[in-house]
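Structure assessment
This is what each chain is made of:
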Amino acid sequence: MDPKPHRIIEIPVTVQGGCSNPKPSAGSGCGTGQNGGLPAHIQAKIQDHPCYSEEAHHHFARMHLAVAPACNIQCHYCNRKYDCSNESRPGVVSEVLKPAQAIHKALTVAAGIPEMTVVGIAGPGDALANPTRTFATFRGIREQDPGIKLCLSTNGLALPQHVDELVALGVDHVTITINSIDPEIGARIHPWILWERRRVFGREGAEILIRQQQKGLEMLVEQGVLVKVNSVMIPDINDRHLKEVSRMVKEKGAFLHNVMPLISDPAHGTYFGLNGRRGPTEAELSALRDECGGNMNMMRHCRQCRADAVGMLGEDRGEEFSLERIDQAPLNYDVVRERRDQVQASIRERMAARKRQGDTVTSMPSARPVAHQTTRPVLMAVATKGGGLVNQHFGYAREFLIYKATPEGVRFEGHRRADLYCSGPDACNDRTQVLASTVRALEDCEVLLCARIGIEPWSVLEAAGIMPNGEHAMAPIEDAVMAVYREMMAAGRLDMSEREAIQCA
Ligand code: CLF
Ligand code: SF4
């Protein structure tokens, strides 16, 4: 970190609107997991948004429309050949769509994926550096289907002048990427901005960016829009500072904070990547999220999706819906809407039924104490293809969800990407290598829950201290994690010495 004393820009808080109120039952975890104590109007806004509610991400899908190619700032973690890394992970360049193409694509995806509740614009540049394209797209979708939620992600520079239009269009969810509230730190991340038709460099540019972000945040909160703040965690630049960012954005009424790891593969050609700036480790990221989580609702299920992502978080069905592949003929949208409404109503009913049973999937500590305080926590990896169930074969998992079981209950911790073990009988990956990389990704987990698993991976995982378990196939994830935790406890495998208990606390 730069040793100079820095000035933190903090515009005095002028509004404390609806969702700025401290979240309910929370305590320390992610307020998006257990939505129980939220005011009804907030709950209604998040209950089927896969990013704003951890529970919803097991059931509902989102799509992004890549209509915004230009950007008005430079981030050192971005290479313009790739998608905007404020909301996306680097990948191949998205197919940039015209508004009419984007509207047709959204309706086509709604027909093909009735679980899709949200359409977002998140790049590949900045949504509000391309306001004509962005608003034409939103307007077209809104006219065709008021039942689809509209969501926008921006770096915030041009946000204040567009708040009224966003509100008028019924955009209820806006993400602002705020990496710092200190211009000295900001200038190390954003070397320049485009402001009033000129480039403004360094500290001066960062100062303008920070002011615009905070002003936009306040204006949105005042109008009742739910604001999520994304921050890219960059070791030795803003990592320690992000706790301060979290505190400030909470004070100003942001609903949720999403701390994402810097992705800095040199192959992506970014300034940070080429200059050897590393991303944080899983442990560093998790520790920072916990520290920020003392004040703020933290998102832990972000997948850093592409600007043209389609499907459930964690899956990408974008290719199925490329311009080349989608049928350009007009749709009978009444039929689409009817089917979509039926499918989504039945998902909501299933979720409500689970809640009534009192065993809803949650990222909050559950109210089911199971042991005394010297019982140690356990991390478990889960293979799932959605629905909140342990329902995926190990060989088909491209990622594992990570849950922490403690005497206080079960908490969602995040996800780990994995290479596909089974890519079909004719396309065998180097399975030894795949298993080695899965073992590395899950090295701190003691259990792996999946629907099925073959003998070979079973043996390798078990030898590495990660016990596979297929006995809870099709069970709700949290129940399965808790059941295994209880079994481990009954077998005396969780007792800690007094010293370990102190370290753990
Ligand atoms: Fe897209 Fe972002 Fe809306 Fe979600 S993504 S614009 S809020 S609909 Fe979600 Fe993807 Fe993470 Fe973004 S998982 S990168 S937080
Ligand atoms: Fe790249 Fe997004 Fe930053 Fe613009 S705001 S420079 S597109 S990461």
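Residues numbered from 1 in each chain as written. Chains lettered and ligands numbered in written order. Predicted model: local features only at pLDDT ≥ 70, side-chain atom pairs only at ≥ 80, totals over all residues. Heavy atoms only, no water.

1. Thoughts on the overall build of the protein chain
Helix and strand counts for the protein chain stand at 14 helices and 15 strands. Within the protein chain, buried positions represent 58% of all 505 residues. The contacts of the protein chain with a sequence gap of at least 6 include a subset with a gap of at least 24, amounting to 74%. (Helix = DSSP H or I, 4+ residues; strand = E, 2+ residues; numbered from the N terminus. Buried < 20%, exposed > 50% of the residue type's maximum accessible area, 1.4 Å probe, protein only. Contact = heavy atoms within 4.5 Å.)

2. Section: the nonpolar core
In this structure, Leu 65, Met 116 and Val 249 are the most contacted members of the largest nonpolar core, which totals 58 residues. In terms of residues, this core owes the most to one element, helix H2 (residues 99-112), which gives six residues. Within the second largest apolar cluster, 29 residues are counted, among which are Cys 75, Ile 237, Met 260 and Cys 302. (Core = buried A, V, L, I, M, F, W, Y, C linked by side-chain atoms within 4.5 Å.)

3. Digging into the confidence of the model for the protein chain
On average, residues of the protein chain carry a pLDDT of 85, and 83% of them reach 70 or more. With pLDDT under 50 throughout, residues 1-5 is counted as low confidence; its partners more than four residues away or in other chains account for eight contacts. Counting interchain partners and residues more than four positions distant, the pLDDT-below-50 stretch residues 12-34 has 59 contacts. (pLDDT = per-residue confidence, 0-100.)

4. Some details on the packing of aromatic side chains
Taken as a whole and assessed by the stated rule, the structure comprises five aromatic pairs. Plain terms: the ring middles of Tyr 52 and Phe 255 are 6.2 Å apart, the flat faces sit at 20 degrees to each other, and that makes the pair stacked. Of this pair, Tyr 52 sits in the loop between helix H1 (40-46) and strand E1 (61-64) while Phe 255 is found in the loop between helix H7 (242-251) and strand E9 (256-261), placing the two residues 203 residues apart along the sequence. Phe 255 gets classed as buried once you look at its relative accessible area, which sits at 0%. Here the aromatic rings of Tyr 403 and Phe 412 are separated by 5.3 Å at their centres, their planes lie at 70 degrees, and the arrangement is edge-to-face. As far as the burial class goes, Tyr 403 and Phe 412 line up, both buried. The structure contains a cluster of three or more aromatic residues connected by ring pairs, namely Phe 394, Phe 400 and Tyr 421. Directly above the ring of Trp 192 sits Arg 199, whose terminal nitrogen or CZ lies 4.0 Å from the centroid. (Phe/Tyr/Trp six-rings, centres within 6.5 Å; stacked < 30°, edge-to-face > 60°. Lys NZ or Arg CZ within 6 Å of the ring centre and 35° of its normal.)

5. Quick look at the pattern of salt bridges
A complete count under the given rule lists 26 salt bridges for this structure. For Glu 244, the salt bridge is made with Arg 247, and the minimal N-O distance between the two is 2.8 Å. Linking Glu 244 with Arg 247, this pair stays in helix H7, spanning three residues, or about one helical turn. Judged by its relative accessible area of 26%, Glu 244 is partly exposed. Arg 376 serves as the salt-bridge partner of Glu 446, at 2.6 Å between the closest nitrogen and oxygen. On the criterion of sequence distance, the pair formed by Glu 446 in the loop between helix H11 (431-441) and strand E14 (447-449) and Arg 376 in the loop between helix H10 (333-357) and strand E11 (378-382) is long-range, its members being 70 residues apart. Residues participating in the shared-partner salt-bridge network are Glu 184, Arg 203, Glu 207 and Arg 211. (Salt bridge = Lys/Arg side-chain N within 4 Å of Asp/Glu carboxyl O.)

6. Here's the deal with helix H6 (residues 202-222)
The end-to-end C-alpha separation of H6 is 31 Å, in line with the 30 Å expected for 21 residues at 1.5 Å each. Count one or two residues on from H6 and you reach Gly 224, which has phi positive near 85 degrees. (Expected span 1.5 Å × (residues − 1).)

7. Structural notes on the sheet that holds E9
Read from one edge to the other, the open sheet built from seven strands follows the order E9-E8-E5-E4-E3-E1-E10, with strand pairing classed as mixed. A strand with exactly one partner marks an edge of an open sheet, and here the two such strands are E9 and strand E10 (310-311). In this sheet, strand E4 (residues 149-154) lies alongside strand E3 (residues 116-121) in parallel orientation, the contact comprising four bridges. Considered in E4, the bridge of Val 119 is made with Leu 150. (Pairing = 2+ DSSP bridges.)

8. A closer look at the environment of Arg 376
Overall, Arg 376 belongs to the partly exposed group, its relative accessible area being 22%. One polar contact links Arg 376 to Glu 446, side chain to side chain, over a distance of 2.6 Å. (Polar contact = N/O pair within 3.5 Å; in protein donor to acceptor, adjacent residues only side chain to side chain.)

9. Quick word on the sheet that holds strand E7 (residues 198-201)
One open sheet accounts for three strands, arranged E2-E6-E7; its pairing is antiparallel. One side of each edge strand has no neighbouring strand; the edge strands of this open sheet are strand E2 (73-74) and E7. Note that E2 and strand E6 (residues 192-195) share two bridges and pair antiparallel. Paired with Ile 73 across the bridge in E6 is Ile 193. Sitting on the sheet, H6 touches E2, E6 and E7, and the angle it makes with E7 is about 100 degrees. (Axes fitted to C-alpha atoms, helices over the stretch in contact; angles between N-to-C directions.)

10. Observations concerning the packing of H2 against helix H3 (residues 131-144)
Packing of H2 against H3 brings their axes to within 9 Å, and their N-to-C directions diverge by 40 degrees. It follows that H2 is oblique to H3 by the angle criterion. The chirality of how H2 crosses H3 is right-handed. Listed contacts from H3 to Pro 99, Ala 102, Ile 103, Ala 106 and Leu 107 of H2 are Arg 133, Ala 136, Thr 137, Gly 140, Ile 141 and Gln 144. Per-class residue counts for the contact of H2 with H3 are seven nonpolar, three polar and one charged. (Parallel < 35°, antiparallel > 145°, perpendicular 65-115°, else oblique. Left-handed = near helix turned anticlockwise from the far one by under 90°. Nonpolar A, V, L, I, M, F, W, Y, C, P; charged D, E, K, R; others polar.)

11. A word on the side chain of Asn 391
Tracing the chain through its elements places Asn 391 in the loop between E11 and strand E12 (399-406). When near neighbours in sequence (up to four residues on either side) are disregarded, Asn 391 contacts Ala 383, Thr 384, Lys 385, Gly 386, Ala 451 and Met 474.

12. Quick notes on the pairing of E6
Examined bridge by bridge, E6 and E7 share four bridges and lie antiparallel to one another. Along E7, the bridge assignment pairs Ile 193 with Val 200.

13. Section: the packing of H2 against H10
Helix packing geometry: the angle between the two helix axes and the distance between the axes. At their nearest, the axes of H2 and H10 sit 9 Å apart, and the two run at 50 degrees to each other. Relative to H10, the element H2 lies oblique. Read as a crossing pair, H2 and H10 show a hand that is left-handed. Residues Leu 107, Ala 110 and Ala 111 of H2 pack against Tyr 333, Val 336 and Arg 339 of H10. Residue composition of the contact of H2 with H10, grouped by class: five nonpolar, no polar and one charged.

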